[in-house]
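# Breakdown of the fold
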Amino acid sequence: MSQILQAIRGMNDILPDEAELWEQFEELVRDWLRGYGYRPMRMPIVEPTQLFTRAIGEVTDIVEKEMYSFEDRLNGEKLTLRPEGTASCVRAVLQSNLLYDGPRKLWYMGPMFRHERPQKGRYRQFHQVGVEALGYAGPDVDAEQILMGARLWDDLGLTGIELEINSLGQAEERARHRIDLMAYLEKHRSQLDADSQRRLQTNPLRILDTKNPVMKELVEAAPKLIDYLGEASLKHFEGVQAWLKDAGRPYRINPRLVRGLDYYNLTVFEWVTDQLGAQGTVCAGGRYDGLIEQLGGKPAPACGFAMGIERLLALWTEQGNSVEKPATDVYVAHQGEQAARHAFKVAERLRDVGFTVQLHCGGGSFKSQMKRADASGAIIAAIIGDDEAQANEVTVKPLREAGEQQRVGLDVLAETIGECIFGQESE
Ligand code: ATP
Ligand code: MG
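Residues numbered from 1 in each chain as written. Chains lettered and ligands numbered in written order. Predicted model: local features only at pLDDT ≥ 70, side-chain atom pairs only at ≥ 80, totals over all residues. Heavy atoms only, no water.

### Brief notes about the site of ligand 1
Worth spelling out the cut-off: By convention in these notes, a residue is near a molecule or strand provided one of its non-hydrogen atoms lies within 4 Å of it. Whenever two N or O atoms come within 3.5 Å, that pair is a polar contact, provided that in protein one can donate a hydrogen and the other can accept it, and provided that, for residues adjacent in sequence, both atoms are side-chain atoms. To measure how exposed things are, a 1.4 Å probe is used in the Shrake-Rupley method; for residues, cover is taken only from the protein chains shown. The secondary structure listing takes helices from DSSP runs of H or I that are at least 4 residues long and strands from runs of E that are at least 2 residues long, numbered from the N terminus. Under this grouping Gly is polar, as are all residues other than the nonpolar Ala, Val, Leu, Ile, Met, Phe, Trp, Tyr, Cys and Pro and the charged Asp, Glu, Lys and Arg.
Near ligand 1 you find 16 residues, and of these Arg-114, Glu-116, Arg-122, Arg-259 and Thr-281 are the closest. Within the contact set of ligand 1, a nitrogen atom lies 2.9 Å away from a backbone nitrogen or oxygen of Tyr-123. At 2.8 Å from an oxygen atom of ligand 1 is found a main-chain nitrogen or oxygen belonging to Thr-281. With the chains in place, 91% of the 590 Å² that ligand 1 exposes on its own is no longer accessible. Put simply, the parts of the chain that give the shell around ligand 1 at least two residues each are strand S6 (125-134), strand S10 (281-287) and strand S11 (302-308). By residue number, the principal contributor to the shell around ligand 1 is S10, which donates four residues. The residue inventory of the shell around ligand 1, partitioned by class, reads six nonpolar, four polar and six charged.

In structure tokens, the structure reads:
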């Protein structure tokens, strides 16, 4: 036998037990987003590479080293598996002119791809729920998006997720801060790691975002962007905080919160937990007022966030939650040719009235079929031999509780099974 091929490192199969958890999560998420008036979007997974270099910025981890890019083998076009959803979402909105009659609240969910070092909570194919409000200037919408997160954690029964916020101000404010920051970092150049030394000229703000613990002290003492904010930026930031206070939602201002993507301005926020080890950010977002114009649209403000589904589900299971296996109501066992045809009909008929039914496939003795029925978790076995088939009847056998096996006609089958499952009072 030849060797079994393995999936690409950092790209995971989601097997049935886990996939059922995902489905439950996804249903909750859909309801939650509907509750806020957000509408669904689905964008392609592959986009022109240029979309991301333009949107995310050349000097970012993502564009520098994390993108899965390749050339279309027919026309040589440069393509990339999307590393995030905001750029695609904005592209789609502009392409279809969705902002022509006012602002839009949109969301999407799906796989993202980044060539990172795989570890717990960090994968090469991972999944996000992305939420974008396009055409809104805030700060009300910023605050609402932040508070949306809080409601989802409640809906999921998750505890211990804390809110950090910051303001990145506007480009001119960041430019003034940058001058002082560069001078400061230059003075301490010898303490910078290789990545940071390289970024010193190109993108010093990103150095504050470092995950290198050795540089922690240095970064903490660096000039803080918030001290460079002008009146309008401060007012926006205070506006967001006023809404959060009104809602009674505690938060922490983290001056080092600068986000990994270039397109953010003003409000940035993260939801973090200390229960997942190093990969503790489950949700992150903020305002990106310049992106729509940068991608060729009429200037319009916008705000959004994305959450990492793997991390949220890890936390969800960590905190002792699990899904119940979906129940099979009826397992249909049968033997003989006529019985098989009868069984097929019986199974469909039961599905017609809403039962979940597993029809035995693959033959075998009644004894082995009953073993399968038991393993399936079904509540009832419907047993059909040629005898039953001839009489247009079915033998109904409760599998989970003591109860009489009974042989009934098709006309009362659903009713009989209903009584076995739900009790007499269901009539
Ligand atoms: P990090 O700082 O952890 O690298 P990021 O700033 O790159 O995160 P974003 O681009 O803001 O992350 O993505 C939003 C969310 O998506 C993150 O907060 C996280 O929950 C999740 N996420 C990002 N990258 C990965 C990954 N490689 N594997 C799993 N989840 C991820
Ligand atoms: Mg990252």
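### Observations regarding helix H12 (residues 337-352)
For an α-helix, the turn length of 3.6 residues means that residues three or four places apart are oriented alike. Condition: By this rule, a helix spans an expected 1.5 Å times one less than how many residues it contains. Under the scheme applied here, a residue whose accessible area is under 20% of the maximum for its type counts as buried, over 50% as exposed, and between as partly exposed, the area being computed with a 1.4 Å probe on protein chains only. Of all possible arcs, the one meant is that of the directions from the helix axis to the C-beta atoms.
Here H12 is 16 residues long and its end C-alpha atoms lie 23 Å apart, about the 22 Å a rise of 1.5 Å per residue gives. When we look at burial in H12, the residues that qualify are Ala-339, His-342, Ala-343, Val-346, Ala-347 and Leu-350. The buried residues of H12 occupy an angular sector of 140° when the element is viewed end-on, so they sit on one face. Within H12, the exposed residues directed more than 90 degrees away from the buried face are Glu-337, Arg-341, Phe-344, Lys-345 and Asp-352.

### Re the domain arrangement of the protein chain
The criterion, for reference: All the domain ranges listed were derived from an automatic or database domain assignment.
Along its sequence, the protein chain is carved into domain 1 (16-169 + 229-318) and domain 2 (330-426). Of note, the centres of domain 1 and domain 2, computed from C-alpha atoms alone, are 49 Å apart.

### Things to note about a nonpolar patch on the surface
This is how the line gets drawn: Note that patches include only residues with greater than 30% relative accessible area and no salt bridge, and the join distances are 9 Å for like charges and 5 Å for nonpolar side chains (Val, Leu, Ile, Met, Phe, Trp, Tyr). One side-chain nitrogen of Lys or Arg within 4 Å of one carboxyl oxygen of Asp or Glu is enough to make a salt bridge.
Together, Ile-45, Val-46 and Phe-70 make up a nonpolar patch on the protein surface, roughly 220 Å² of accessible area in all. For Ile-45, a relative accessible area of 33% translates into the label partly exposed.

### A short note on the sheet that holds strand S16 (residues 406-409)
Using the following cut-off: Should DSSP find at least two bridges between two strands, the strands are regarded as paired. Lines fitted to C-alpha atoms define the axes, with helix axes restricted to the stretch in contact, and inter-axis angles between N-to-C directions lie between 0 and 180 degrees. Here a residue-residue contact requires only that any non-hydrogen atoms of the pair lie within 4.5 Å.
Strands sit in the order S13-S12-S14-S15-S16 across an open sheet of five strands; the sheet is mixed. Looking along the sheet, the strands with just one partner apiece sit at the ends: strand S13 (357-359) and S16. Adjacent strand axes in the sheet meet at a mean angle of 30°, parallel and antiparallel pairs treated alike. Pairing of strand S12 (residues 330-334) with strand S14 (residues 380-384) involves five bridges; the strand directions are parallel. Within S14, the position partnered with Tyr-331 by the bridge is Ala-381. Sheet strands touched by helix H13 (residues 366-376): S12, S13, S14 and strand S15 (393-398). Its angle to S12, the strand with the most contacts, is close to 170°.

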